[in-house]
Protein chains: 2
Amino acid sequence: MARYFLRLASELGMALNSLQPGSVGPIRPQSADFSEPLLLKSGQSFSPYQLIYETYGQLNADRSNAVLICHALNASHHVAGTHPDDPNHIGWWDNMVGPGKPVDTNRFFVIGVNNLGSCFGSTGPASINPVTGRPYGADFPVVTVDDWVNAQARLADRLGITQFAAVMGGSLGGMQAMQWSIAYPNRLRHAVVIASTPRLSAQNIAFNEVARRAIVSDPDFHAGHYYAKNTVPRTGLSVARMIGHITYLSDDDMAEKFGRQLRGANDYRFGFDVEFEIESYLRYQGEKFSTYFDANTYLLITRALDYFDPAKDMQGDLSKAFAHIACSNLLVSFTTDWRFPPERSREIVEALLTAKKQVTYAEIDAPHGHDAFLMNDPRYHRLIAAYFDRIAKECGT
Amino acid sequence: MARYFLRLASELGMALNSLQPGSVGPIRPQSADFSEPLLLKSGQSFSPYQLIYETYGQLNADRSNAVLICHALNASHHVAGTHPDDPNHIGWWDNMVGPGKPVDTNRFFVIGVNNLGSCFGSTGPASINPVTGRPYGADFPVVTVDDWVNAQARLADRLGITQFAAVMGGSLGGMQAMQWSIAYPNRLRHAVVIASTPRLSAQNIAFNEVARRAIVSDPDFHAGHYYAKNTVPRTGLSVARMIGHITYLSDDDMAEKFGRQLRGANDYRFGFDVEFEIESYLRYQGEKFSTYFDANTYLLITRALDYFDPAKDMQGDLSKAFAHIACSNLLVSFTTDWRFPPERSREIVEALLTAKKQVTYAEIDAPHGHDAFLMNDPRYHRLIAAYFDRIAKECGT
């Protein structure tokens, strides 16, 4: 028992007295170019590529206070603060990262990095393929969580960070934190894995597959080479997003927010235009998403989700995949998350305990479903703040 | 307490010793034409129309042994037996209805009726609009559960049935059984409501809406008038069906049947073709459905589901909607049904008890999700058999 323990969330809950939240302010993204080929899990080699990233806070003298934040399906390197040219463009985890926030940029040097295959700046399907002079489109290689982590490690090399204080992410971001602990055991002291899963279930894959079918069957998809046609498979992408969105929210939360409320009417109008508020909301979400997200990226990232399964090469034994990890682990799940429910986090916890690793696990009673990991929930944030307070003390910051 | 009771499933479980299942054999559908306009809930009047139906068993002398079976989204009047011209076309509830089966056609006169708006024979969007000489398409009126029940009542008049021994249905069929009890309190002695709900949740509506978006955004939809173009919105309908299908199965059942099993391979192929068995299964289900189902019917029936809400005109008080019903009620739900989970059946049970009506409620521990109501589950079938045995004795059959 000396080598591992399951620390209760309540032990940590009181460690931080109060948060004094602030913003990191305007942050200009940076880029790093890599010419050495990256060997992908598929066997393909990929080069050259560029990674876009942002940093917040200061790296300390012994370079021990770096935290890497990994993004999920539809996010980016823009984790916190605003863009200098667009003060309304706030980072996707700005409630989590900043001065006095749970991941306190007064104490940590935080890096947000955009993954390969994205549509937010790092090399992706819309980037120009140097071989053809045209956008990669469908020729962009299938990338995996492993590949992203390998690319992130090169960025860490470039920034002179040999060991992260923590690698952290929610959902797909949590998969990357797990993969870091497996692939680079000596390069992180803590893995913070929130609302994640050791592998997609058949139902998870099913939802991804339907979303992909909606995209590829849109006539504007042109087998992935729509850039040249000056068009985008907007309706397919919109339907894909609507499907995804349903899985991010809890049934109860949706019932409370929308219920059966009618849109601008007291009575049924008996037609197929928007009738219920939930229809209006979903259509809006789908349409908005389709204006800024790239369909090929959606395909790539859902496939990376499907493929993640660190136990696969260990005859399904997840604890064996964790056999050589060296970091401490914080696992967090949310009671109403039906996409990656608490049971899936508990599987990870059990595998880590079986492998005799340090685990802290918290199951947060939150109404917001999978999206809870992005929300400003006080209990959740107090927990993360307390955990990072402990990490900061280890770093001497 | 004298006027109502909650009968436990276990009380009924032993009433029938054994089933000797058989088939009703080849059955030719019949049709009934109606010229008198049907006033729809939307305010529109609709005529003329035809209803297709099948009957099994014999109506007894005092016409007291008739059972009406109402169908759900993708089914029809073809409940039991085979079609005389197609011995492989077995009725959708053949495991439930037949000689010696739970709804025993040796004792009951069973009617299966196809609803208005369907694509299986009753007047629907693909039928010729006598005003234009062309298929109705998008001009087919929006129909509701109330309208279907009113049309079914006219068919009952035509068949000389003033009171049903039972009206029975699963899912959307259960909504029709409920609506019968509310709209025609003296015309049924039992309502059998299986895997149903008093109203769709926001999440239920959300899934319907995404399915509809997939259909109407298919360029082959032509605003619902695709018949004239000799085309069908096959890809949209296929995606719609895939979405629906996910909601019919339980997460666990899907995990057990498909898990993360790869299709014809041991290792990932890193692409977007079918990789996992679940993808292959869903694509097949979607494509098959799109060859025989009509997209306009899918829109109409999902909208009828959305609109069903008998408590709406009673300030949300379902017990008030049940105030004047006269029948006994059997409610059945399945533990793993996440489309219409047990909680929704319990809402109906509570409303019926509040209204001081007779209710029997059974929650069946079954792995198959919403689809469980169609499955050959012995406990479920024993329960239904026992309940109908009691009804048969009341009828003297």
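Residues numbered from 1 in each chain as written. Chains lettered and ligands numbered in written order. Predicted model: local features only at pLDDT ≥ 70, side-chain atom pairs only at ≥ 80, totals over all residues. Heavy atoms only, no water.

## So, the pattern of salt bridges
Residue and element names in this part refer to chain A.
- Under the criterion given, the structure shown has 45 salt bridges over all chains.
- In this structure, the salt-bridge partner of Asp157 is Arg187, at a minimum N-O distance of 2.8 Å. Of the two residues, Asp157 is situated in helix H2 (residues 145-158) and Arg187 in the loop between helix H3 (172-183) and strand E15 (190-194); the sequence distance between them amounts to 30 residues.
- On the basis of relative accessibility, which here comes to 46%, the residue Asp157 falls in the partly exposed class.
- A relative accessible area of 15% means that Arg187 is categorised as buried. (Salt bridge = Lys/Arg side-chain N within 4 Å of Asp/Glu carboxyl O. Helix = DSSP H or I, 4+ residues; strand = E, 2+ residues; numbered from the N terminus. Buried < 20%, exposed > 50% of the residue type's maximum accessible area, 1.4 Å probe, protein only.)

## A few points about the relation of the copies chain B and chain A
- In the superposition of chain B on chain A (RMSD 0.0 Å, axial shift 0.0 Å), the rotation amounts to 180°. One copy is carried onto the other by what is essentially a two-fold rotation axis.
- Here 98% of the interface residues in chain B have copies in chain A that are interface residues too; the copies meet face to matching face. (Least-squares fit on C-alpha atoms with pLDDT ≥ 70 in both. Contact = heavy atoms within 4.5 Å.)

## Details of the environment of Val79 of chain B
Residue and element names in this part refer to chain B.
- Among the structural elements, Val79 can be located in the loop between strand E6 (66-70) and strand E7 (82-83).
- Using a relative accessible area of 0% as the deciding quantity, one classes Val79 as buried.
- Remark: the alpha-carbon pair of Val79 and Asn95, spanning 16 residues in sequence, is separated by 9.4 Å.

## A short note on the confidence of the model for chain A
- Of all residues in chain A, 95% attain a pLDDT of 70 or more, and the chain-wide mean is 94.
- The complex prediction reports pTM at 0.94, with the ipTM value standing at 0.92. (pLDDT = per-residue confidence, 0-100.)

## Digging into the interface of chain B and chain A
- With 55 residues of chain B in contact, the opposing surface of chain A contributes 54 residues.
- Here chain B meets chain A over a buried area of about 4,800 Å², counting both sides, of which 68% is carbon and sulfur.
- For chain B, the biggest contributors to the area lost against chain A are Arg260, Phe270 and Phe272 of chain B; these three give 16% of the whole.
- Our count for the chain B to chain A interface comes out at 10 salt bridges.
- With a shortest N-O distance of 3.0 Å, Lys312 of chain B and Asp267 of chain A are connected by a salt bridge.
- At the surface where chain B touches chain A, the tally comes to 28 residue pairs in polar contact (both at pLDDT 80 or more).
- Secondary structure elements with two or more residues in the side of chain B that touches chain A: helix H4 (202-216), helix H5 (234-248), helix H6 (251-257), helix H7 (277-292) and helix H8 (295-307) of chain B.
- Top contributing element to the side of chain B that touches chain A by residue count: H4 of chain B, with 10 residues.
- Among the residues making up the side of chain B that touches chain A, the classes are represented as 29 nonpolar, nine polar and 17 charged. (Buried area = accessible area lost by both parts, 1.4 Å probe. Polar contact = N/O pair within 3.5 Å; in protein donor to acceptor, adjacent residues only side chain to side chain. Nonpolar A, V, L, I, M, F, W, Y, C, P; charged D, E, K, R; others polar.)

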